[in-house]
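One letter stands for each residue in the lines below.
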Amino acid sequence: MKSTRIFLTLALALSLALTAFAARPTEAAPALQGAKLTLLIHPTLFAATGGDTGIVREFEQATGATVEVVTAPIGEHIEKALVEFIAGSGRYDVIAMQGVEMNSRFFQYLLPLDDYIARDGEDWDWADIIPSLSAIGAFEGQQFGIPFRWGTQMLYYRKDLLEQMGVSAPKTVEEIFTAAKALTRDTDGDGKTDIYGLVQRGKPIEIAHDWLGFFYGAGGTMLNEDMTACTLNTPVGAMVSDMMRNALADGHMPPDFFAIGRDDYITLMQQGRVAMGVYFSPYWGRLVSEQDSTVGPQMSWALPPTEPGVPEGRTRSGGWLLTIPKDSKNPDAAWELVKTLTSKENSLREAVEFSNGPVRISTYTNEAYLTLVPMAEDVLTSVANSLNDPRHPFMNQIMEVISNEITEIVRGNKGSEQGLADACVLIDEILAQTN
Amino acid sequence: MLSPQDSITLQKAARVTRYERRRLLFRRMVPYLLLAPALLILFALLVYPLVVTIFMSFTRWSLTDPGPAQVVGLENYVRLFTRDPAFRDSLWFTLRFTAVTIGLEFVIGLACAVLLDQVKFLRSIFTSIAILPYMVASIAAGLIWRLLWSHDYGLVNFLLGLFGLEPVTWLGQSTPAFWAAVITETWKSTPFVTLVLLAGLTSIPHEIIEAARIDGASAWQAFRRVVFPLLAPAATVALILQTVFKLRVFDIIFTLTGGGPGRDTTPLGLLIQKTYFRFFEGGYSSAIAVVLLLLGAVISVAYIRLLYREVEH
């Protein structure tokens, strides 16, 4: 009887052990087999991961998870995210969000990532991500976003034209507008300008972005530290506005300045119709592209202009972070995707192969990246010293006010001081709604 | 006293009457029953959102701060009409844009329709060519014309240059940008007016016009007194539809000017989109939408009354 009992017990133990062994995934079995994830991302950012054949697909093959990618341009992007946030649907597992959207209104919908970072931070090298960028994804001591793409503004210029005119790369805001005058040329003597000295964007909202780049470089700030008051109405604000207005009025910028947006800026540069411009650092590749640019080899760069006493390279910077909504149905798998997209190796690949704006220190110091993007060191300096727009929940309204008032100033309908004073009155009203 | 036979007959008659009544009732109900699915869908997709939008327009509700909407009465409307220069500018632009484009489209569309009505040879080919612009997506039309209006390398300024005229900063200045938007929209939408009016012209019997001419009416008089009144129903349809399309114009302006310079070419449609999806103000954007709806309704009713009064006269 006793031996039968022992035999049965052993048989049971053996069968349990065999079952457990059989049920255990083999080493080759993908870790996230069957997991379904949805990634909401801006199309440019998805392209910066290699697109349909890039890192997201590699993640699928390596883990067995499937990733549905939903792309949407700015505006529609946040609209899609918001609708799902409010509904609590968990439709998206990973959402790319702009730095300026990382504000108190949105954090309530996002999953804190601190536990994941504590668990995986060492291997994944969390400390390698530029700390000032990581801070943008944090709120009240919790981390909600992982920086994915960042850029600052750089001064791009035609070195051949500057050499011809004996002009050195401008270093201050004042110098850039003086150089614009010297570089504006009628090359065929028909009385019409063939090359404009400077190009900036003047379309609604984009005019505010470019003006703020100069304004921050001149030492200005948009709001006070606790975001309770507008600080635009200063002598440096008036100086930058006056210079912009004069450059347009004197014909040193293209006359359809108010219709120039991102694509127009890039096209004008590629066609060699302008000598200089300050713009987003990740677009360097497009400006020197052999396929698209007629003046690629003549392009050069410098740190964006700053006034004396302002940290070197200070301008307006911005970028995107990857977040996981708190209603995600599969947060663990979502974290694996975030980790993959922001790992050291993939960050380098994204920067080198797909022209992403890097967020890791190791990328900026990598030989391959430095060879491809010789201005990398300057970009890092600028990123470290630049200002991001304040993370105020009503930033879109504030930006609209700045856009309208700067437009009025630059087209001569208002004086600089009046326009900036009006902007501050309206912005203070907006701020009062949240204070 | 009724005989048993009479009683049976009466009972049968009563049953027949009841049956007939029920049949009649059912027959009366059938149209409503058949309409019910469509009405339900219309209610769900049209009436319910409309009622919700109107209700929302009396509330303060932000997309980024969800929760019960706070009823604020007429506050949104007071803000719209007294404290919002963006709305004032946008309303003014929308009204001017609607009036000018409708006027141009109607004149050009009518001329094209009359011309096409006269064409006998290869008429379908000419008609197809005439409606080509209408087949272009608004977004694409905006992008194409954006290049044409460019100051330095646009075709429009090149053509002006051939006549010795100075280039115009079409999209970078307020008044030229308005006209650039008007011309682009007119180019895009005139074929629709042409088609509707051509259909109306085709349906007018030529005998009536001939009779008028025999009676001594000039070509203009025949057109003014005979053709135009008969064209009124088609013209009303074209006007109402085009007015509604113009009042809510969005995509072509979005790609052409982006609402600029500044906010000089921002139609109400663009303002609603901006207020809702960029500022996340659900209640306030609903109030703008309701104003736009009322504007469309008032103008449409005015058209119908004016044109039919003309016909009756």
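Structure shown above.
Since the model is a prediction, treat every value here as computed from it, not as a measurement.

Caption draft 1: Representation of the layout of surface pockets. There is about 1,400 Å³ of room inside the second largest pocket. Around the second largest pocket sit 41 residues that line it, and Gln397, Ile430 and Gln433 of chain A together with Arg79 and Glu281 of chain B are the ones nearest its centre. The set of elements that each furnish at least two residues to the lining of the second largest pocket consists of helix H19 (395–410) and helix H20 (416–432) of chain A together with strand S1 (59–62), strand S2 (65–71), helix H2 (75–82), helix H3 (85–118), helix H12 (268–277) and helix H13 (282–312) of chain B. Take the lining of the second largest pocket: its biggest share by element is 6 residues, from H19 of chain A. Considered class by class, the residues forming the lining of the second largest pocket number 12 nonpolar, 10 polar and 19 charged.

Caption draft 2: Local environment of the environment of Arg105 of chain A. Summarising the element assignment, Arg105 of chain A is placed in helix H5 (residues 104–107). Taking C-alpha positions, Arg105 of chain A is 6.0 Å from Pro393 of chain A, a pair spaced 288 residues apart along the chain. Excluding residues that lie within four positions of it along the chain, Arg105 of chain A makes contacts with Pro393, Phe394 and Thr434 of chain A together with Ser62, Thr64 and Asp65 of chain B.

Caption draft 3: Region of the structure containing the packing of aromatic side chains. Here the structure, examined in full by the defined rule, presents 31 aromatic pairs over all chains. A network of ring pairs unites the aromatic residues Tyr116, Trp124, Trp126 and Trp335 of chain A as a single cluster. Above the ring of Trp124 of chain A, the side-chain terminus of Arg360 of chain A is found at 5.7 Å from the ring centroid. In this structure, Arg96 of chain B is placed above the aromatic ring of Phe178 of chain B, and the distance from its NZ or CZ to the ring centre is 4.4 Å.

Caption draft 4: Structural context of the pattern of salt bridges. Here the structure, examined in full by the defined rule, presents 32 salt bridges over all chains. The salt bridge involving Asp264 of chain A is made with Arg146 of chain B; its shortest N-O contact spans 2.7 Å. Note that Asp264 of chain A is positioned in helix H12 (residues 262–270) and Arg146 of chain B in helix H6 (residues 138–148), a pairing that runs across two chains. In terms of burial, Asp264 of chain A and Arg146 of chain B fall into one category: buried. One salt bridge connects Lys246 of chain B with Glu185 of chain B, and the closest N-O pair in it is separated by 3.0 Å. Residue Lys246 of chain B is found in helix H10 (residues 219–247), and its partner Glu185 of chain B is found in helix H8 (residues 174–202); the two are separated by 61 residues along the sequence. The network of salt bridges with common partners includes Arg119, Asp120, Glu336 and Lys339 of chain A.

Caption draft 5: Representation of the nonpolar core within the structure. All names here are of chain A. By size, the foremost hydrophobic cluster in this structure holds 55 residues, and its most contacted members are Trp211, Met222, Leu232, Met276 and Ile402. Secondary structure elements with two or more residues in this core: strand S7 (153–158), helix H8 (159–164), helix H9 (173–183), helix H10 (206–217), helix H11 (235–249), strand S8 (276–280), H19 and H20. The biggest single contributor to this core is H19, with 8 residues. Formed by 51 residues, the second largest nonpolar core is a distinct cluster that contains Ile130, Met154, Leu287 and Tyr369.

Caption draft 6: View of unusual backbone geometry. Between Gly260 of chain B and Pro261 of chain B the backbone carries a cis peptide bond, its omega angle lying at 0°. The backbone phi angle of Asp125 of chain A is positive, close to 60°, even though this residue is not glycine. With respect to the helices and strands, the residue Asp125 of chain A is situated in the loop between helix H6 (114–124) and helix H7 (131–134). Residue Asp125 of chain A is classed as partly exposed on the basis of its relative accessible area, which comes to 22%. The phi torsion at Ile205 of chain A lies on the positive side, around 70°, for a residue other than glycine. Its place among the elements puts Ile205 of chain A in the loop between H9 and H10.

Definitions and limits used
- Residues numbered from 1 in each chain as written.
- Chains lettered and ligands numbered in written order.
- Predicted model: local features only at pLDDT ≥ 70, side-chain atom pairs only at ≥ 80, totals over all residues.
- Heavy atoms only, no water.
- 1 Å grid on protein atoms, 1.4 Å probe; cavity = no way out; pocket = protein on both sides within 12 Å on 5 of 7 lines; lining within 4 Å.
- Points joined across faces, edges and corners; volume = space filled by probe spheres on them.
- Helix = DSSP H or I, 4+ residues; strand = E, 2+ residues; numbered from the N terminus.
- Nonpolar A, V, L, I, M, F, W, Y, C, P; charged D, E, K, R; others polar.
- Contact = heavy atoms within 4.5 Å.
- Phe/Tyr/Trp six-rings, centres within 6.5 Å; stacked < 30°, edge-to-face > 60°.
- Lys NZ or Arg CZ within 6 Å of the ring centre and 35° of its normal.
- Salt bridge = Lys/Arg side-chain N within 4 Å of Asp/Glu carboxyl O.
- Buried < 20%, exposed > 50% of the residue type's maximum accessible area, 1.4 Å probe, protein only.
- Core = buried A, V, L, I, M, F, W, Y, C linked by side-chain atoms within 4.5 Å.

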